[in-house]
Amino acid sequence: MEAGPEETIQETPPAEAPPRERNPGGLFYECINCGSKISADQLAMTPEIKCPFCGYRILRKVRPPIVKHVKAR
Ligand SMILES: [Zn+2]
């Protein structure tokens, strides 16, 4: 009795494109105390708005220098 050589090769589909930066607004905050940059995404995960590094509560909004053409509506 022979079991047929059954070879089912299931190739898993390649992972999707590498995750882009999850930062829809491209907004950053900068701690005015220690100068760390915190993404808005990261800030959204913390219960309070404060620097996760030094605990300072005053953050400055920073926009990354990305030039984007925005179509006028
Ligand atoms: Zn800080």
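Above this text sits the structure in question.
Residues numbered from 1 in each chain as written. Predicted model: local features only at pLDDT ≥ 70, side-chain atom pairs only at ≥ 80, totals over all residues.

Asker: Could you clarify how one ought to interpret the overall build of the protein chain in this entry?
Answerer: A count of helical and extended segments in the protein chain gives one helix and three strands. Evaluated residue by residue, the protein chain yields a buried proportion of 3% over its 73 residues. (Helix = DSSP H or I, 4+ residues; strand = E, 2+ residues; numbered from the N terminus. Buried ≥ 20, exposed ≤ 12 C-beta atoms within 10 Å, placed from the backbone.)

Asker: What is the right way to read the pairing of strand β1 (residues 28-31) from this model?
Answerer: If a strand is regular, its side chains alternate between the two faces of the sheet. Two elements, β1 and strand β2 (residues 37-39), share three bridges in a ladder whose sense is antiparallel. When the sheet's bridge partners are listed, Phe28 is paired in β2 with Ser39. Pairing analysis gives four bridges linking β1 to strand β3 (residues 59-62), with the strands arranged antiparallel. Among the inter-strand pairings, Glu30 is bridged to a residue of β3, identified as Arg60. (Pairing = 2+ DSSP bridges.)

Asker: Even after reading the chapter, I still don't get the sheet that holds β1, so can you show me in this structure?
Answerer: Pairing between the strands of a sheet is mediated by backbone hydrogen bonds and can be parallel or antiparallel. Read from one edge of the open sheet, three strands run β2-β1-β3, paired in antiparallel fashion. Unpaired on one side and paired on the other, β2 and β3 mark the two borders of the sheet. Shown here is a sheet whose adjacent strand axes are inclined to one another by a mean of 35 degrees, direction ignored. (Axes fitted to C-alpha atoms, helices over the stretch in contact; angles between N-to-C directions.)

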